[in-house]
Structures are given as C-alpha cells and as structure tokens.
Amino acid sequence: MNEADLKAYGQSWYAATKVDDPLRPRLAVDLDIDACVIGGGLAGLTAARELSRAGWSVVLLEANRIASGASGRNTGFVLPGFAAGADRLIARVGFERTRSLWALAQAGVDYVRDTIASEAVTGIDAQNGWLHVSRVDNGDEIVRTVQLLDDLGCEIEGWPTDRVRAVLRSERYFHAIHYLKALAIHPLNYALALAAAAERDGARIFENTPALSIDPQGVRKRIVTPAARLRANHVVIAGNVQIGGLIPKIASTLLPITPYVITTASLGAQLGEAIHFHGAVSDSALTDNHYRIVGGDRLMLSGRATTWARNPRRYIRTLTRDIRKTYPQLKDIDVDYAWRGTLGHTVHRMPQIGELGAGVWLASGFGSHGLNTTAMAGNLVARAMIKNDQTWREFSPFELVWAGGIAGRVAMQSYFWIRRYRDAVNERRARARELAHSAARDAEQRREAEEAARRRAEAAEAARQAAEAEEAARLAAAAEAERQAEEAREAERLAALEAERQAAEAEEARRLAAEEEARQRAAEEEARRSAAEEGARRAADEEAARLAPTPEADVPLQSELPPGGGEQPPAAPETPPDERDLITPAEVRPERDQPVRVAPSTKRRSRPRRRRERF
Ligand SMILES: Cc1cc2nc3c(=O)[nH]c(=O)nc-3n(C[C@H](O)[C@H](O)[C@H](O)COP(=O)(O)OP(=O)(O)OC[C@H]3O[C@@H](n4cnc5c(N)ncnc54)[C@H](O)[C@@H]3O)c2cc1C
C-alpha cells in the first residue's frame, strides 16, 4: 500500500488489495459540458457512467480520490431494500408504493451484479447471499417478516435456529433471513471499475478537485474549482456528508455516522470451522456486527458506529472483543487493518433523490444501505436528465428534512448507546430463556429416557418370564413325551416278552405234544413189538412143543452154528424174559437236546431181541 492510497483510503483491506488505478489529474482548464457530477463515490460514478454512455459530455469532480469516501470503505454488502425497514415504509407510503420502491432497490442490486459481469471487473471477490441473523428468539417475528418481504417481491428464505447455527457456529444466534439475491463485493475495486467504464465512454474524471461553489441559476450552471471553472447544463450533487462546504443546507439533512472496520490477520482453518457461510452476515439492526470472510481466512467486521469520527485504532480492541463474543472458539485474533468511513443518514432513512432546481439534481443520503441505492439513484437521475424519466418521483415523499445538527448527532449517539444496551439485555434474556428451555428440554428428555428405560426393563422382564414359562412348558412337554415314549417302550417290551413267553409256551406245548406223540408211537411200537414177540415166543413155544419128543431136536440147526462151525457155548435154558429186563420206550427216549445213545444194556436180552440186534 503506497502513501497516496493510505492517505486516500485509510489503512484498509481494500486499499491493500486495490487494483492498479491511475492517479487522475486535477481540473486545470475551464470546460463547457453537458453535465457536471460532483462527488466520485458510487452515486456520482454511476450517474457519470450512465450519462456518458448516453453520449453526454460529462465531467466528474472528486475532492479527494475516487471512492475515498464511504464508497471505498464500506463492508461491501449489496443488499435489497433501503436503510428504512419495510414496515416503516409501508406505514409511510403504503404497500403498493413500498413494493415499487423495493423493485427499484432490487434493480440497484441487479445493476451492480450486471456491471461486474459485463465489465469483467477483477478484484471483486463477489460472494452471494446475506444472512440477517437474530440474536433473540423471535421466530414469530421472523416468519411475519419473511411473509412481508415475500409479498414485496424479495427473494428470501427464513432459516430456523438449527440451520443458522450449522453455518454460523455461535450460540448467540437464533433464526435468520437469508436474502438470496444479495451479494458481497470489494467496493473500492467496483468503484474503480465504474470510473474506468465511464472514462471509456468519454467521461472525464478529475481527482483532488473539490467544487468550491456552484451557481445554479440560469441554463448554464457554473461550478468553481480551485484551478478552473466549469459550465454545465446539468449538475448532479453526489457529495454525501462531505458536501457541507458546498451546499450546507443539503449537508444539514444528513447525520454523519462513522462505523469502524477491521480485517483480521489470517485466522487459518479455524475460521472456516466457525463460519461456513461465505456471503454477508449481519446480526444487528444497527450498524454493528456486519461481517464476512475475505482473502480466504480473514474476517472483516464493521460496527461500533459513532456520530463523531474517531481514530479507528481505538476500536480494534472493542471490535475484536465483538468477534470473540460471537465466536469464542476463534483463538489468537490479530488485526491487520483498521479504518473508518462516514455515511450520511437521513431522518426518514430513505435516500434523497430528485431535482433541487432546474437542472440541479441530488443523489444523496443512502445511509448504511448505499451499495444498491447509489446504483439505483445514479440510474434514476441519469434517466431523468436524458429521457425526462419521472421514476425518481417515487422518492418525492422523502423530502429534505433537517437532521438536527449537533443535537441530532447527540440524539443519534444516545440512541446507539441505548439501543445497544437494550439489545444486550434482550440478548441476555433470550439466552437465559434458551438455557432454561434447554434445561427443561434436557430434564424432559432425561425423564422420557428413564421412562423408556423402565418400559424396556419391564418388557425385558415380561419377555424373560414368558421365555421361562415357555421353557417350562417345553420341558414339561418333553418330559411327558419321554414318559409316554417310556410307557410305549415298556408296553412294547412287555408285549415282546409276552409274545416270547407265548412262543416259548407254544414251543413247549409243541415239544410236549411231539414227545407225547413220540411216546405214544414208541408205546404202540413196543406194544406191537411185544405182541410180535409174544406171538413169536408163543409160536416158538408151540414149535418147541411140536418138536420136543425127537432126540435130534437137541442138535442145533446148521444155520444156528457159529460161522466156521466152532464150538458153541452151551445154550442157556430157555426161560421167558423177565418183564423187568425189557427196555421200555421211555428208557430209549433221548435226553432233550442230547443225541440219542442207547447204551448197551447189561440186562439180559430176550433171544428174539438179541437176534434182532445181531442183525
Ligand atoms: C464503514 C461503512 C460501511 C458501510 N457498509 C455498507 C454496506 O455494507 N452496504 C451498503 O449498502 N452500504 C454500506 N455503507 C454505506 C455506503 O457506503 C454509502 O451509503 C455509499 O457509499 C454512499 O455513496 P455516495 O456516493 O453517496 O457517497 P461517498 O462515497 O461518500 O462519495 C461522496 C464523494 O463526494 C466527494 N465530495 C464531497 N464533496 C465534494 C465537493 N465539494 N467536491 C468534490 N467532491 C466532493 C467526497 O470526497 C466523496 O468521495 C457503509 C458505509 C460505511 C462508512
């Protein structure tokens, strides 16, 4: 940052990041022109650009450097609407007029956006969106405001507290309104781009050339500067609060308000963790706490406005404290840039736009809402001059009202202090209410959790008992089944035993029957044999008796001699066998399961029997 820039723009982030811009000359020769614009802020630059675009010969006089006033020092929020709230406007001019005025203000936003695009302006770092956050829990009011702004044709969203705190990690914040078409820009580079565009279309800009006096009478107005004079058919007065030396009456309608701005040193990744939103953020209805991220990881914040300008370095501590209060998680906040700017605040908070006298136009009093309204006013005035467009008359209700001089400043400063105090009290109450609510909610959640745990335990106990009962039933059923199976097995075993016993009995009966049958057969056989033997014996006896008287009868028959004709033992006297020597069938019956063995009997056999056995 060079000395000239430091002097013109203060020790600002904008001066440090300003695009290259030539130092323009002082006006040194008299000129005759169509229009003279006094004031090289955004209002004067826009008017000069539009007039020169229309082919008019235009001279712009700037007492200092281009945009060295509020236009090059502000926070850069290009917002819809006006410094006056919509409610206030409706109360004053009615809904329809307010709607038309808001449309004009929105046209100012669009103009800035279009100019940045069409002029391919560099160094603007435009970021979309503006979050206007509430530090009190006023959801109902936010809903109502959202509805109203929607009716006015403004593109907005109402954000609940959770959503706000998700992008702005601060417990101070509740609901917010998100203005979708707003944007944040580097205002100094934008102003320099406007100046370059006007010059390209033929406008001549003189810096360090204050208008010292103006003679508005006659068709050709005469403007005096330190080194030269101008004569112009039209004059545009766009000098803001600094115009006092030239037209004190206009200056007296503006209350000078000076906010202070700081830009921190690089805060690193912690800034992105605390603030996820890269557009503009405001958390106050006052000129306090307007901030945004610049240069990637720096925070720019403005606030603590006063009605008497002071050294901006005195506000570094206060503004840093304001950052910490909102984002206590940010550590080691160093400030690299601190500056101030002064805006002109009107009593009705609306801009002063109109024709003061024939050919003398005023574009002033934009207050804290000047980035869109200067664009709007520059266009309205230029169109009125070029085409006699009467749209500017929409602003005629907002006349030049004396701002109260010193008393007005004191009153405004007092208002700031009181309002800040009231806001702080409301914020503390809201926070206390929230803590109480959250404590009550926590207690309720704890109670619900305990109740749920109790119900779960009861359900688990019931389930356990049911499982136990089921297990007992299962075991009983299994025991019963086992018992029945055992019974069945026992019955089966008994049946088998019975069957076995019956089979054994049947077998025994069969065996006994067989034995009986065998015994009977043997008895019958014996009887038959005995009968046969008896018959044979009798026959033998009869034969013996028949043969007995002959001696040859003692000679054994040839056939009865032993083989070889050997000596035979003397024959035993023929006696009938004793009944007891007979072997009964029962004696030859084999022992059960023993092979039948007939032991040679030691008893004497009957002769027929012995004979049979020999054969
Ligand atoms: C700190 C700060 C933050 C702000 N933030 C925002 C914001 O975020 N959004 C927003 O919309 N608005 C904001 N504003 C308001 C906005 O900046 C102004 O409303 C707007 O810039 C006013 O523009 P202007 O052209 O009327 O006046 P200025 O920018 O003040 O320009 C007036 C010019 O006229 C020159 N001049 C005066 N008298 C003479 C003379 N006799 N001869 C020649 N030249 C003369 C001055 O030197 C000056 O350069 C802010 C203002 C400040 C101070």
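Structure first, text after, so check above.
The shown structure was predicted, so the numbers you read here are calculated from the model rather than taken from an experiment. (Residues numbered from 1 in each chain as written. Predicted model: local features only at pLDDT ≥ 70, side-chain atom pairs only at ≥ 80, totals over all residues.)

**Digging into the site of the ligand**
What counts is decided by this rule: We count a residue as near a molecule or strand when its backbone-placed C-beta atom lies within 6 Å of that partner. Comment: elements are numbered from the N terminus, with helices defined as DSSP H or I runs of at least four residues and strands as E runs of at least two.
Near the ligand lie 45 residues; those nearest to it are Gly41, Gly69, Asn74, Gly341 and Gly370. Mapped onto the shell around the ligand, the elements with two or more residues apiece are helix H3 (42-53), strand E11 (255-264) and helix H12 (370-387).

**A look at unusual backbone geometry**
Note the cut-off: Exposure classification rests on a simple neighbour count of other C-beta atoms within 10 Å of a residue's own: a residue reaching 20 or more is buried, one at 12 or fewer is exposed, and one in between is partly exposed. C-beta atoms are placed from the backbone.
A positive phi angle is found at Asn240, which is not glycine, with a value near 55°. Looking at where Asn240 falls in the secondary structure, it is placed in the loop between strand E10 (229-237) and helix H9 (248-251). Since 28 C-beta atoms lie within 10 Å of it, Asn240 is described here as buried. One non-glycine residue, Arg304, adopts positive backbone phi at about 55°. Take Arg304: it is sitting in strand E14 (residues 298-306). In this structure Arg304 comes out as buried when scored by C-beta crowding, with 24 C-beta atoms within 10 Å.

**Side note on the pairing of strand E9 (residues 221-224)**
The condition is simple: At least two bridges found by DSSP between two strands are what make those strands a pair.
Taking every second residue as pointing to the same face, the buried face of E9 carries Lys221 and Ile223, while none of Arg222 and Val224 on the other face is buried. With 3 bridges connecting them, strand E8 (residues 213-215) and E9 associate as antiparallel partners. Opposite Ser213, over in E9, you have Val224 as the bridge partner. The turn joining E8 and E9, which pair antiparallel and follow one another in sequence, is formed by 5 residues; a positive phi near 80° is taken by Gly218.

**Some thoughts on the nonpolar core**
Cut-off, in case you're wondering: By definition, a nonpolar core groups buried Ala, Val, Leu, Ile, Met, Phe, Trp, Tyr and Cys residues that are joined through C-beta atoms within 7 Å. Working definition of a contact: two residues with C-beta atoms, positioned from the backbone, lying within 7 Å.
In this structure, Cys36, Val236 and Val381 are the most contacted members of the largest nonpolar core, which totals 121 residues. No other element matches helix H8 (residues 187-200), which puts 9 residues into this core. Residues in contact with Cys36, not counting those within four places in the same chain, are Val59, Leu61, Ile223, Leu230, Ala232 and Val235. Ala70, Leu255, Ala305 and Leu343 belong to the second largest nonpolar core, which has 8 residues in total.

**A look at the packing of helix H4 (residues 86-93) against helix H5 (residues 95-118)**
Note the cut-off: Only the stretch in contact is used when fitting a helix axis, every axis being a line fitted to C-alpha atoms; angles between N-to-C directions are given from 0 to 180 degrees. Working rule for angles: under 35 degrees goes down as roughly parallel, over 145 as roughly antiparallel, 65 to 115 as roughly perpendicular, anything else as oblique. In a left-handed crossing the near helix is turned counterclockwise from the far helix by less than a right angle, and in a right-handed crossing that turn is clockwise.
Across the interface, H4 lies against H5 with an axial gap of 7 Å and an inter-helix angle of 130°. Viewed along their axes, H4 and H5 adopt a mutual orientation that is oblique. In the crossing of H4 with H5, the sense of the turn from one axis to the other is right-handed. Across from Ala86, Leu89, Ile90 and Val93 in H4, the residues of H5 making contact are Phe95, Arg97, Thr98 and Leu101.

**Thoughts on the packing of H5 against H12**
So the rule is basically this: In the scheme used here, Gly and all other residues not listed as nonpolar or charged are polar, with Ala, Val, Leu, Ile, Met, Phe, Trp, Tyr, Cys and Pro taken as nonpolar and Asp, Glu, Lys and Arg as charged.
One way to put it is that H5 packs onto H12 with a least axis distance of 7 Å and a crossing angle of 95°. As judged from the angle between their axes, H5 and H12 are roughly perpendicular. Where H5 abuts H12, its residues Leu104, Ala105, Ala107, Gly108, Val109, Tyr111 and Val112 lie against Leu371, Asn372, Thr373, Ala375, Met376 and Asn379. Here the residues of the contact of H5 with H12 sort into 9 nonpolar, 4 polar and no charged.

**A few points about H5**
This is how the line gets drawn: A helix is expected to span 1.5 Å for every residue after the first.
End to end, H5 covers 34 Å across 24 residues, agreeing with the expected 34 Å (1.5 Å per residue, within 8%). Every buried residue of H5 is accounted for by Thr98, Leu101, Trp102, Leu104, Ala105, Gln106, Gly108, Val109, Val112 and Ile116. Contacts from the buried residues of H5 go to strand E3 (77-78), H4, strand E6 (176-184), H8 and H12. Two residues or fewer after H5 comes Ala120, characterised by a positive phi angle close to 45°.

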